[in-house]
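# Structural features, examined
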Amino acid sequence: RDLLNVSVPAIDDLTLIRGIDARIARHLAVRGVQTFAVIAGWTAADVATMTGELISARRISHEGWIEQAAVLARGDL
């Protein structure tokens, strides 16, 4: 077995998305959200699932998290 070729899941720096600070990034990571692609693919149901004490659906929409994540997932800054 070649241990050097073990695939490591990608983890993006979610703080590159305006409105996501380190605390919110940790909050999302605990819930399995660690990549731009995951956020870019969020549906209304996903947004509803992620809302709560730290995050509001209005904030996600107003700050454009999904749109920003889509741009970052493509590798654009």
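Look up: the structure comes first, before these words.
Right, let's walk through the structure included here.

Criteria and cut-off values
Residues numbered from 1 in each chain as written. Predicted model: local features only at pLDDT ≥ 70, side-chain atom pairs only at ≥ 80, totals over all residues. Heavy atoms only, no water. Helix = DSSP H or I, 4+ residues; strand = E, 2+ residues; numbered from the N terminus. Buried < 20%, exposed > 50% of the residue type's maximum accessible area, 1.4 Å probe, protein only. Contact = heavy atoms within 4.5 Å. Areas by Shrake-Rupley, 256 points an atom, 1.4 Å probe, with all protein chains shown as cover. Core = buried A, V, L, I, M, F, W, Y, C linked by side-chain atoms within 4.5 Å.

### A look at the overall build of the chain
Along its length, the chain carries 5 helices and 0 strands. The order of α-helices and β-strands along the chain, N terminus first, is α-α-α-α-α. When the 77 residues of the chain are sorted by exposure, 29% land in the buried category. Of the contacts made within the chain by residues no fewer than 6 positions apart, 49% connect residues no fewer than 24 positions apart. When the accessible area of the chain is evaluated, it comes to approximately 5,200 Å², of which 55% is carbon and sulfur surface.

### Some thoughts on the environment of isoleucine 11
Position of isoleucine 11 relative to the elements: it lies in the segment before helix H1 (22-30). Residue isoleucine 11 is classed as exposed on the basis of its relative accessible area of 58%. Distance in space between the C-alpha atoms of isoleucine 11 and phenylalanine 36 is 8.5 Å, their sequence separation being 25 residues.

### Thoughts on the side chain of histidine 27
Looking at where histidine 27 falls in the secondary structure, it is placed in helix H1. When residues no more than four places from it in sequence are discounted, the contact partners of histidine 27 are Met50, Leu54 and Ile55.

### Quick look at the nonpolar core
It is characteristic of soluble globular proteins that their nonpolar side chains tend to be buried jointly. Ranked by size, the top nonpolar core spans 17 residues in total, and within it Leu14, Ile17, Ile20, Leu28, Ile39, Trp42 and Trp65 carry the most contacts. Those elements that provide at least two residues to this core are H1, helix H2 (36-40), helix H3 (44-50) and helix H5 (65-73). The residues contacting leucine 28, other than those within four sequence positions of it, are Leu14, Ile20, Val33, Ile39, Trp42, Met50 and Ile55.

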